[in-house]
Each structure stands twice: as C-alpha cells, then as structure tokens.
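# Observations on the three-dimensional arrangement
The chain contents come next:
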Amino acid sequence: MLPITRIALAALFFAFLPHAHAAKEREVSIGLQAAVSSIDPHYHNLSPNNSMLLHIYEGLTKRDANQKVVPGLATSWKAIDDLTWEIKLRKNVKFHDGSPFTADDVVFTLKRVPNVPNSPSSFATFTRPIVDVKVVDPHTLIFKTATPHVLLPSDLASVYIISKLNGEKAETSDYNSGKAAIGTGPYKLVEYIPNQRIVLKANYGYWGGEEPWDKVTFKVLSNSAARVAALLSGDVQMIESVPTADIAKLSKDPKLSLTDKVSNRVIYVHLNQSTEKAPPFVTAKDGKPLEKNPFRDARVRKALSMAINRDAIADRVMEKKGVPAAQLLPDIFYGTSRKLKVAKFDPEGAKKLLAEAGYPNGFALTIHGPNNRYINDDKIAQAIAQYYTRIGIDTKVETMLATAYFPRATKLEFGYMVLGWGTESGEQGSALRSLLATHDPAKGMGMNNRGRYSNPELDKALNDALVTMDDKKREGLIQHAAEVAMNDTGLIPIHYEVSTWASAKGFRYIPRTDQYTLASELKPIK
Amino acid sequence: MLAYAIRRFGQSLLVLVLMSFLVFLGVFAIGDPVELLINPEADAVERARATAALGLDKPILQQYGTFLSNAASGDLGRSFVFNVPAINLILDKLPATIELALAAMVIAITLGIPLGLIAGLKPHSFVGRAIMAGSIVGFSLPTFWVGLVLIMLFSVQLGWLPSNGRGETVLLFGIPVSFLTWDGLVHLAMPALNLALFKLSLLIRLTRASTREAVLQDYVKFARAKGLGPGRVIGVHVLKNILIPIVTVIGLELGSVIAFAIVTESIFAWPGTGKLLIDSINLLDRPVVVAYLMVIVTLFIAINFVVDVAYSLLDPRVRLGSSANAH
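Just so we're clear, the structure is a prediction, and the values are computed from it rather than from any experiment.

### Some points on the packing of aromatic side chains
One pass over the full model with this rule turns up 18 aromatic pairs over all chains. Relative to B:F198, the ring of B:F139 has its centre 5.1 Å away and its plane inclined at 90°; by these criteria the two rings are edge-to-face. Of this pair, B:F139 sits in helix α6 (residues 126–140) while B:F198 sits in helix α8 (residues 182–215), and the two are 59 residues apart along the sequence. Pairwise contacts between aromatic rings join A:F281, A:Y374, A:Y405, A:F406 and A:F414 into one cluster. Against the face of A:W207 rests A:R90, its NZ or CZ located 3.8 Å from the ring centre. Sitting over the ring of B:F24, B:R286 keeps its end group 5.2 Å from the ring centre.

### Regarding the interface of chain A and chain B
Interface size is commonly expressed as the accessible surface area that is lost when the partners come together. Residue-level contacts link 51 residues of chain A with 45 residues of chain B. Taken together, the two surfaces of chain A and chain B that pack against each other cover about 3700 Å², and 52% of this comes from carbon and sulfur. Put simply, B:E46 and A:R128 hold a salt bridge, and the shortest N to O gap is 3.9 Å. Applying the counting criterion to the chain A and chain B interface returns 12 residue pairs in polar contact (both at pLDDT 80 or more).

### A closer look at the domain arrangement of chain A
All names here are of chain A. The assigned domain composition of chain A is domain 1 (39–184) and domain 2 (262–498). Taken together, the contact pairs 13 residues of domain 1 with 15 residues of domain 2. Of the roughly 1100 Å² buried where domain 1 meets domain 2, counting both sides, 53% is carbon and sulfur surface. It is Q67, V150 and L151 in domain 1 that bury the most area against domain 2; as a group they hold 52% of the surface buried on that side. Scanning the region where domain 1 abuts domain 2 turns up zero salt bridges. Our count for the domain 1 to domain 2 interface comes out at four residue pairs in polar contact (both at pLDDT 80 or more). Considered class by class, the residues forming the side of domain 1 that touches domain 2 number five nonpolar, five polar and three charged.

### Overview of the UniProt feature "domain: ABC transmembrane type-1" (unreviewed entry) in chain B
Annotation from UniProt places "domain: ABC transmembrane type-1" (unreviewed entry) at residues 94–307 of chain B. Structurally, residues 94–307 of chain B is divided into 79% helix and 3% strand, and its ends, taken at the C-alpha atoms, are 21 Å apart.

### A closer look at the packing of α6(B) against α8(B)
Residues and elements named next belong to chain B. At their nearest, the axes of α6 and α8 sit 8 Å apart, and the two run at 140° to each other. The pairing of α6 with α8 is recorded here as oblique in orientation. Crossing of α6 over α8 shows left-handed handedness. For the pair α6 and α8, contact is made by I131, M132, S135, I136, G138 and F139 and by L197, F198, S201, L202, I204, R205 and R208, respectively. For the contact of α6 with α8, the per-class residue count stands at eight nonpolar, three polar and two charged.

### Some points on the environment of B:V297
Residues and elements named next belong to chain B. Summarising the element assignment, V297 is placed in helix α13 (residues 286–314). Measuring from C-alpha to C-alpha, the distance between V297 and V127 comes to 41 Å, with 170 residues separating the pair along the chain. Filtering out sequence-adjacent residues up to four positions away, V297 remains in contact with V15, L16 and M19.

### Notes on the sheet that holds strand β5 (residues 84–89) of chain A
Residue and element names in this part refer to chain A. The strand order across the open sheet built from four strands is β4-β5-β7-β6, with neighbouring strands paired in antiparallel fashion. Each edge of the open sheet is held by one strand with a lone partner, namely β4 (74–81) and β6 (130–137). Between one strand axis and the next, the sheet turns through 20° on average, direction left out of account. Summarising the sheet, β5 and strand β7 (residues 140–145) pair through five bridges and their orientation is antiparallel. Its bridge partner being in β7, T84 is matched across the sheet by K144. Sheet strands touched by helix α3 (residues 103–112): β5, β6 and β7. Its angle to β6, the strand with the most contacts, is close to 165°.

### Thoughts on unusual backbone geometry
As a rule of thumb, non-glycine residues mostly have phi less than zero, and peptide bonds are mostly trans rather than cis. Positioned with a positive phi, A:F281 is a non-glycine residue whose angle comes to about 65°. Within the element layout of this structure, A:F281 appears in the loop between β12 (256–271) and β13 (282–283).

About the criteria used
Residues numbered from 1 in each chain as written. Chains lettered and ligands numbered in written order. Predicted model: local features only at pLDDT ≥ 70, side-chain atom pairs only at ≥ 80, totals over all residues. Heavy atoms only, no water. Phe/Tyr/Trp six-rings, centres within 6.5 Å; stacked < 30°, edge-to-face > 60°. Helix = DSSP H or I, 4+ residues; strand = E, 2+ residues; numbered from the N terminus. Lys NZ or Arg CZ within 6 Å of the ring centre and 35° of its normal. Contact = heavy atoms within 4.5 Å. Buried area = accessible area lost by both parts, 1.4 Å probe. Salt bridge = Lys/Arg side-chain N within 4 Å of Asp/Glu carboxyl O. Polar contact = N/O pair within 3.5 Å; in protein donor to acceptor, adjacent residues only side chain to side chain. Domains from an automatic or database assignment. Nonpolar A, V, L, I, M, F, W, Y, C, P; charged D, E, K, R; others polar. UniProt positions renumbered as here; feature names shortened; annotations may be inferred. Axes fitted to C-alpha atoms, helices over the stretch in contact; angles between N-to-C directions. Parallel < 35°, antiparallel > 145°, perpendicular 65-115°, else oblique. Left-handed = near helix turned anticlockwise from the far one by under 90°. Pairing = 2+ DSSP bridges.

Here it is as structure tokens:
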C-alpha cells in the first residue's frame, strides 16, 4: 500500500472516532475529601470551594498546574504606571445562558464581592486594592489601585466573574439552588446538595474547547476509608487525598493508577518568641521556669532544626509522600531561593550548639499540634519528639482536634507549634509576609506569625518587594528575604506535602500543586 | 393522665432550654469559629468584618439571649458555613437518618426477638449456643470495622451492593424515602445492617434472658399443664410478658441509634444528620450544633413519651401507677 493511502485511511479512521465516542454519554464520578459550602462564588473563600467553583466560573486570570498565572477571561494585562493597569478581555465568550460576557460583568462582579451578606470569609481581600474601574470599551478596562499592587494579576485569578444579567438580585441561596449559578466556565451546575454531591454537565459552548466529560458527579466522601472503598468498588472513578497508609497497597493494584505532585503546602514549626521569659510549656528539666526564652537565641533554633531527620520523616512517617523542606515553597515556585538547602540531620552538632547557647543539659518542652488537619500531623509531632529526646531535650507531645488547636495557637498559648501553610498565590512573598514578617495586624503583616519572629532586614526586603513592579527585581528581593529568615531559623520547615490522586484504569489525572481536583484535568485514556 | 402529660411537657421545655445553654457555652469555650472559617491569608479588616457578620463580636450572654428570643419564634439561627437556616439543614438530612435508624431497628427486631426466643427456649442446643456466640461477635466488633469489612466483601469483592450514598428516593407523604425503590434498597441494606448489628445482639441477649426466666414461672407451667399447644404458650404467655422490658429498651435504643448513627453514616457516606453534626463540630458551626442537639433532645422526649404509652397498653398496672405517683 502506498504511504499516502495509508495516511488517508488513517485520517478517515480517526475522523470517525469522535462520533463513535460521542454515542455513549461520557460520565465520571469523583470522590472528594471536603464538603463544598456554597456555589456562590463570592461567599466562602476556602480551597474546596475554590476548586469546585473553577468548573462553573472563571477569573480574569487563571493559575496553571504549577500555579503560574495565565490568561483567563482576560487575554492580556499590563501596568501602565505603578497605579494603573490596562486589562483586555477575551471576545466571543458567552455565559451558560447564552448572554455575552463584557466589561460590565467585571464591574458588576467587583462591586458585589465585598458586599455578600453573612460571608464567613469573603473574597474582598482580592478586590480591596482596586479603588476605581473604568470601562474603555466592552472589552477593555482600566483598574486603579491606591498603592502599587504587583500581585493584581495573581489576585484576579481568585475573583470569579458572574453575569450582571443574572446576578442583579441574586442572593447566596439563588446560587446554591442553581438559579443564579451562571458562569462562563467549562461546566454548568445541575444539582448541588450540601455535604453530599454536586452534579455538573458540560458547557458545549465553552470558548476553551471541548471537555472530556458530558456529566460529572462529585461525591463528598470525607471518611478516608470510605473514599478508598468507593474507588475500589467502582462507585467513583477517581478520588483525591489518598490516605498515605493505603498508597503502597493501592499502587500495586493493576486496576488502579496513582498520580502525585508536590503541593504548595509546607509543614513547619513556629517557636514562640513573643516573651522575654520562657513561653508556655517550655521549662527547665526539673520543671522550674527558665530565666530566658531559649527560642530567642538563633543557636537554639538552629539546633532544634538540625536535630530533626527530615529524610526519615518523609520516608517513613509520610510513606514517601513528603519532600524535605528548606523554605516555605518547593523550588518550582516564584521567589524561592536555590541557595537554601535542607538542614542537615546532625544531632551531635545540635548538642554542641545547645551547649554553646548555655543549655549543655538541654531543657524541657511540649510539642503541640493538630491531629486531624494535615497528613499524619500527630505522627510528625511524635517523630520530632523522639529526635529531641536524643539530644537531651525532655519532650512531651500533645495533639488535639484542629477546632481546639488553632484558636489556642493564635492566642500564643503554646511554645512549640506544628503547623501547615498552603500558599495559594504560588509565590513565596505572600508566605513570608504571613508567617515571618513582624506581627502587625494594622498593616496586614505577619498575620499568622504565631512565633512572633521579627527581623528588620526581612521586613524591609518584603516591603520593598510589595511595591516593586519589575518581576525580576522583585523576585530577587523575595529570595533575599527568604535567605535571611531561613539562615536565622525564623521558623523550622519540615516538609512539603505531596498530594495523591488515585483513579481507575482508563483514566489519567494531571495533578496540580494547589491540590485542586478538576474534572477537566481527568482524561480518559485508551 | 392529662395533668401528668402537661407537667411532663413543662419539664421537657426546661430540659430543652438548659441543653441549649450548655451547648452554647460548650461550643463557645472551644474557640473562635472565625479562626476556622476564614481563609488564613485574610487581613485584620476582613477578620473583623467576618466576626461582625456572624454576630460573634457581642458578649456570649447577649448572643445567647438573641438566640433564645429567636428560638421562641422558631428560628434557630443560620449556619455560619452554609448561610441557610440551621433547622432547614437538619430537617433536610433528618429523613435519611431516621430511615436508616428505623431500617436498622426493623432488622434488629425481626431477627433479634425470634433468635433470642430460640436461644432462650433451647439454651443447651447447638442452635442456641451458635446464636449466643454470634451475638458476642456482634457486641464486641467495632462498628466502623464491621462496616469496612462489609464494604470490602459486598462492594469491592462481590460487587453486589454500592459502597456509599443513599440511592434513588421517592416522596412518601412529602418526605423523601429510599426504601420504596430498588436502587434505594440496595443502598440502604449495608448501612442498615451495620447499624443494626449491635442492637441485634442486645435484643438477642435480652430476649433470651427474659425467656429463660419466664419459662420457669408458674403461669407458664400452668398453661402447659392446661394442655395449651407450645405455639400458644410461647406466643401469648411467654412473649407478651417478656415484651415489656424489650419495648422499653427498643424505645431507648431507637433514640440512641438516631443520635449515634454517626460512625455508620460517615463510613457509608450516608447523607444524614450524624455526618452533618461531625462536619459542623469540625468547623464550629455553632447554630447547626445547637439546633441539632435541640432536635435530638426533642426526639428523645417524644420517644420516651411513646414508650410510656406502649408500656401502659401492655401492662395496665403501669397506667394506674403513673398517674398516682408521677416520677
């Protein structure tokens, strides 16, 4: 056969494939770990919601699988000066009801975001820097900010655009019932039952092209064992957050395939440095109070970091689903420094440093942490305690439900706190600002700095980064801030969580660093 | 009888108010819901706004006062998480829980009483011993483990039954029920059996003990001596007399099976109130937790009332006693 006819035949064959494919409804069920509390895109800023809402709505920008900002409903954006941004909107985009998407919808959305009644965590954080919006033409907008706001394109990815036509009188309940849940996204809402299931069907007019599924059912299966059982029995075709204890067994199952990716969540330790005297739960070995706060001594902090064997924790406690951490985000992210290396496990060196700092016989402390919030959180605390006992620090462990733990940790009732942080913006500057900048609620700096670490050099670099429009220069400033903080052991990074998805054979999931589970990224394979 | 009923109603109201106060204080003591609801990256302005929006900026007693006065008009507050009236959230999920609980009780009763009778009448036979051994297993295995084993066996290995969810429902008197459709029934079977297991063992043991006691009584011997057939002796004389403690236990256990279906609901992802409660506690969704406990307390009171009535129908002496000296 001539090659040309072979190609022609092949082309003919493939031309018919999609039809054979479309004959059967392409359906898929996915098991989720956490409930989605609302379909109102501006009601509750929480990652399970944001992940689900991405199917129905879109922002002006989007984040790709590595959280890099890419065009969404806007095709381009540029800063005209430090306070002015020009945004070009995508043309020929239609909402689910067929009405066209224009600049008016953006203006309407920005107005609604800060005014959603009873919102327990609003999206206003992302829109507040924008003080004025001008419509130039239906597909061009000018945003004004009060101060230079370099994170605007990144923030806009979190603001989901709704239609003015349907949103005028809509309340949160209208979104949940589906009446007002009209976006431009790849799927339309069919049914939302809180805490139970969400059903979507494909939006065939989607500007981004054809989706792999006609119908998607998300089931909320918060119990890990139930989630795994649902996958094994074929009730769902994919689950998120595979429990680490089951990973070894599941990956040997020929009917399943697992996929994983390092996430934007770091597990770390805050050392309470708020007081001159020793913080709560830190004493001398005989239980007497300590004269000074040992955590204010950089040598003690460094010793506590060196005493932890991160490789062993990642390998055994996390069953290889952890990556030892040197800073607040893995290397692939913006603002991370290649110069920072994971602290070497060195118990002898740690002992020496402690002696130098005036604690040759160590002291006593209690590790506090949650036991239902992060992957294996209570086991991590236990492992750290063993390493500390080895260097002569009497260590106790007390873990509790996240509900009880976080409010007390915020009130600084603990000395040594195991915590976790996911950086949704995907750039290290925001993590440093929240966890290590000097605590100053009025300026929004150090909001989650439960260690009360403070370093003027770090603060200055971060403040400069906030107003530096040049991306390269800004990255340099953030990297510098990270190096300052990590070399001074402002906090102790332990590891980055690796998130795992498991799917039935015949499906492949393209994993994401933000731990979102998106139906669009689940592809059927032959 | 009427005075007794009215007095009991008053007592019940007092219990309700006391419960609400304790729960309110309890959830308040755990901590600040805003801490858990808000996105960690939120700034101080946003925190203050959320605190005010949820009414958490006021002193606890004032919050409780607002709750009480609203509750008097039937409003138990709005869920912090879902922004809908808490009571709606619970009433939406309650039919699923009650259906599961009733199905479990039906399994426990229809199997437990006959098996217990057999074990009590023939305590030394092989069958009697086997039933007792089985009931020990039902007692001692933890519910979540049995649930997982059931799923592994019937869903994963055999593929007969679905592993989670509630299945198709139809409306019966305006309430969605799933036991009238095939899809609903297959979804119901495993969780109901899982929940029933403990109660089943309890009923077997209780029935057996009562039966063994009853067959030695004079009235049974007399009935036999009169020449009544074994069917009538067991069905009328033994069964009717041992039913009183059993009905009491069934009533109390029905309440607890509704309130504590939590484990089964979370393993089988059964969309009931138990799962809702756990999730609400985890997020400190105070209005839902308080409203849930109100509903459960009301349910317990109602069930106890029904049990008392059933009791008095079985044994007229109880009816006389209760009006003479109310306990």
